[in-house]
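Below, each chain spelled out in residue letters.
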Amino acid sequence: MRVVLASQSPARLATLRSAGIEPDVIVSGVDEDQITTTDAGNLAAALAQLKCRAVAAQVEPDALVIGCDSVLAFEGEIFGKPEGPDEAVGRWRRMRGRSGVLHTGHCVRRGEDELIETASTIVHFADVTDDEIDAYVATGEPLHVAGAFTIDGLGGAFIRGIEGDHHNVVGLSLPVLRDMARDLGIPWTSLWTLSS
Ligand SMILES: Nc1nc2c(ncn2[C@@H]2O[C@H](COP(=O)(O)OP(=O)(O)OP(=O)(O)O)[C@@H](O)[C@H]2O)c(=O)[nH]1
């Protein structure tokens with residue numbers, strides 16, 4: 001079965017590949033600003049659905065299309081990617097020593113069958129110094145990721161721990177996708193593209 005990842009995220013692609021799935025990538029190009037809601041989980045789900053539907057309309061109905069979107073909920077605010085270095089520094093100065101929730105919306109679609117799930121992972125941030133924040137932001141990494149941090153990159157040293165799924169923080173939850181595929185009648189292991 002053809003799997004299509006409706007995301008430009010290299011981290012999502014790498015996660016699926018490491019899990020045995022070789023998706024085609026089609027970037028939706030949708031305008032994410034068209035979705036407004038104050039609930040982080042609902043926002044992530046709605047954006048995932050928007051991306052998934054936009055790509056599903058471009059491919060054959062038998063393909064399994066996966067759309068995702070990640071946001072960080074922190075003290076009543078919703079953080080996507082920071083606008084720039086100053087915002088990234090300001091966020092880290094607030095986040096350090098505290099916790100947030102990384103919500104990733106997942107939408108899978110095959111033909112007219114569609115499922116949406118939001119998975120949430122609590123993230124505990126280390127008490128990083130101003131110098132560490134400045135050095136991290138200067139690498140540019142925080143500017144390209146939801147919440148201005150990674151758990152599997154340079155930011156990993158600044159995450160004390162998580163409660164929930166690791167890959168959900170990276171950008172897609174594999175056990176959630178497995179459940180969603182099963183609920184569409186697709187055994188997860190049938191999606192594996194294992195080199196002989
Ligand atoms: N490697 C890594 N990437 C992360 C982490 N947290 C968030 N991201 C990335 O941050 C990005 C979140 O922005 P989104 O709007 O969900 O996705 P995007 O990268 O814009 O790509 P689209 O799905 O095409 O919109 C995704 O690429 C995630 O993979 C992390 O801990 N590690």
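Residues numbered from 1 in each chain as written. Predicted model: local features only at pLDDT ≥ 70, side-chain atom pairs only at ≥ 80, totals over all residues. Heavy atoms only, no water.

Looking at an unreviewed UniProt entry, one finds the protein named Nucleoside triphosphate pyrophosphatase and attributed to Aeromicrobium yanjiei. The annotation that UniProt attaches to the protein under Subcellular location (unreviewed entry) is "Cytoplasm". Checking UniProt for the protein, the heading Sequence similarities (unreviewed entry) contains the comment "Belongs to the Maf family." (UniProt positions renumbered as here; feature names shortened; annotations may be inferred.)

Draft legend 1. Just the nonpolar core, in detail. Leu-72, Trp-92, Met-95, Val-123, Phe-125, Phe-149 and Ile-159 are the most contacted members of the largest nonpolar core, which has 22 residues in total. Listing elements by their share of this core, those giving two or more residues are strand E3 (64-74), helix H3 (85-95), strand E6 (113-125), helix H4 (130-139) and helix H5 (166-170). For Ile-159, the residues in contact, after removing those within four places along its chain, are Trp-92, Val-123, His-124, Phe-125, Phe-149, Thr-150 and Ile-151. The next biggest cluster of nonpolar side chains, apart from the first, holds 21 residues, and it includes Leu-16, Ile-21, Leu-172 and Ala-181. (Core = buried A, V, L, I, M, F, W, Y, C linked by side-chain atoms within 4.5 Å. Buried < 20%, exposed > 50% of the residue type's maximum accessible area, 1.4 Å probe, protein only. Helix = DSSP H or I, 4+ residues; strand = E, 2+ residues; numbered from the N terminus. Contact = heavy atoms within 4.5 Å.)

Draft legend 2. Layout of the UniProt feature "active site" (unreviewed entry) in the protein. In the numbering used here, UniProt assigns the feature "active site" (unreviewed entry) to Asp-69. Here Asp-69 shows up in strand E3. Aside from chain neighbours lying at most four places away, what touches Asp-69 is Arg-12, Glu-32, Ala-44, Leu-47, Ala-48, Lys-51, His-103, Thr-104 and Gly-105.

Draft legend 3. Structural context of the layout of surface pockets. The volume enclosed by the largest pocket comes to roughly 900 Å³. Mapped by element, the contributors of at least two residues to the lining of the largest pocket are helix H1 (10-18), helix H2 (40-56), E3, strand E4 (77-79) and H5. Residues of the lining of the largest pocket, tallied by class, amount to 18 nonpolar, 11 polar and seven charged. (1 Å grid on protein atoms, 1.4 Å probe; cavity = no way out; pocket = protein on both sides within 12 Å on 5 of 7 lines; lining within 4 Å. Points joined across faces, edges and corners; volume = space filled by probe spheres on them. Nonpolar A, V, L, I, M, F, W, Y, C, P; charged D, E, K, R; others polar.)

Draft legend 4. View of the environment of Glu-114. Secondary-structure assignment places Glu-114 in strand E6. Considered as a pair, Glu-114 and Thr-129 are 15 residues apart in the sequence and their alpha carbons are 45 Å apart. When sequence neighbours within four positions are dropped, the list of residues in contact with Glu-114 reads Gln-49, Arg-53, Cys-107, Val-108 and Arg-109. Looking at Glu-114, its side chain comes within polar contact range of the side chain of Arg-53, at 2.7 Å. For Glu-114, the side chain forms a polar contact with the side chain of Arg-109, separated by 2.7 Å. (Polar contact = N/O pair within 3.5 Å; in protein donor to acceptor, adjacent residues only side chain to side chain.)

Draft legend 5. Highlighting the pattern of salt bridges. One pass over the full model with this rule turns up 17 salt bridges. Residue Glu-22 is joined to Arg-17 by a salt bridge in which the shortest nitrogen-to-oxygen separation is 3.1 Å. With a relative accessible area of 41%, Glu-22 lands in the partly exposed category. Relative accessible area serves as the criterion here: at 44%, Arg-17 is assigned to the partly exposed category. Its salt-bridge partner being Asp-62, residue Arg-110 comes within 2.4 Å of it at the nearest N-O pair. With Arg-110 in strand E5 (residues 99-110) and Asp-62 in the loop between H2 and E3, this residue pair connects regions lying 48 residues apart in the sequence. On the accessibility criterion, Asp-62 (44% relative accessible area) is partly exposed. (Salt bridge = Lys/Arg side-chain N within 4 Å of Asp/Glu carboxyl O.)

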